[in-house]
Amino acid sequence: MSRDLDTTVPDLTEPPVLDDTPLVDLRKYDQSNFDRGRSSWFVLLWWLVQSVAFPISPHNFNGFRCFLLRLFGAKIGQGVLIRPTARFTYPWKVEIGDYSWIGDDVVLYSLEQIRIGCHCVISQKSYLCTGSHDIQDSAFGLKTAGISIGNGVWIATDCFIAPGVQIGANAVIGARSSVFSNIPAQQVCWGTPAHPRYLRQI
């Protein structure tokens, strides 16, 4: 259902309306067409293994965590470091290149494919999100799109990477940035939304 665009600037001095009629009806939400890529029992088994085995594994047992991810279908290169508190929604939709690091409390919300190149650093508390919802749909329909991270990228702490984003090789995303569009290769970027600031040089 289309609505006329209201460009009126709201009066921010007035308290907001809280009890208006909702534009969405969550009773109509339906994700039956979404393909998780594995059967329900396999998904539940992965969530159980991750919730138990990951947190109790010692900090330097990266090989063990990589083994578990590979066992559940992830493509993990050699020399990859993954911290115990990192979270992977569906590992069979994740690919991580050689010698990359996944920090503490990183979330790979992999409803769609997440590809991370080699020698990348995804720092602690960053969130790579491949799923969202259609705010123009009264049923709040699910929308998904993959994320691709080029070789040599550093995503600094507490960053948000939106669905469909591609980050070019050797780019840097500054701490607490939000990335909603593609980032060119070798650019140092920050902000919300993140924008290129200068060329990375070594």
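Residues numbered from 1 in each chain as written. Predicted model: local features only at pLDDT ≥ 70, side-chain atom pairs only at ≥ 80, totals over all residues. Heavy atoms only, no water.

Visitor: Before we go on, may I ask you to explain the pattern of salt bridges in this structure?
Guide: Side-chain pairing between opposite charges can occur once the charged atoms of the two side chains come close. By the definition in use, this model includes four salt bridges. Across the pair Arg-27 and Asp-25 runs a salt bridge whose closest N-O atoms are separated by 2.9 Å. The partner of Asp-158 in a salt bridge is Arg-176, with the nearest N and O atoms 3.0 Å apart. Residue Asp-158 is located in the loop between strand E13 (154-155) and strand E14 (160-161), and its partner Arg-176 is located in the loop between strand E16 (172-173) and strand E17 (178-179); the two are separated by 18 residues in the primary sequence. Look at Asp-158 and you get partly exposed, because its relative accessible area is 30%. The exposure class assigned to Arg-176 is exposed, which follows from its relative accessible area of 62%. (Salt bridge = Lys/Arg side-chain N within 4 Å of Asp/Glu carboxyl O. Helix = DSSP H or I, 4+ residues; strand = E, 2+ residues; numbered from the N terminus. Buried < 20%, exposed > 50% of the residue type's maximum accessible area, 1.4 Å probe, protein only.)

Visitor: How should the state of the cysteines be read in this particular structure?
Guide: Covalent bonding between the sulfur atoms of two cysteines defines a disulfide. The tally for this structure, following the rule as stated, stands at zero disulfides. No disulfide involves Cys-129; its sulfur sits 14 Å from that of Cys-159, the nearest cysteine. As a non-bridged cysteine, Cys-189 has Cys-159 as the owner of its nearest cysteine sulfur, 10 Å distant. A relative accessible area of 0% means that Cys-189 is categorised as buried. (Disulfide = S-S within 2.5 Å.)

Visitor: Sorry if this is basic, but what is going on with the sheet that holds strand E6 (residues 107-109) here?
Guide: On the basis of which strands lie adjacent, the open sheet formed by five strands has the order E3-E6-E9-E14-E17 and parallel pairing. Looking along the sheet, the strands with just one partner apiece sit at the ends: strand E3 (87-88) and E17. In this structure, E6 lies alongside strand E9 (residues 127-129), joined through three bridges in parallel fashion. By the bridge assignment for E9, Leu-108 is matched with Leu-128. (Pairing = 2+ DSSP bridges.)

Visitor: For this particular structure, what's the right way to read the environment of Ile-149?
Guide: By the element assignment, Ile-149 lies in strand E12 (residues 147-149). Accessibility expressed as a relative area gives 4% for Ile-149, which makes it buried. Along the primary structure Ile-149 and Ile-122 are separated by 27 residues, whereas in three dimensions their C-alpha atoms are 9.8 Å apart. Once you skip the residues sitting within four places of it in the chain, Ile-149 turns out to touch Arg-115, Ile-116, Gly-117, Cys-120, Leu-128, Ile-155 and Ile-167. (Contact = heavy atoms within 4.5 Å.)

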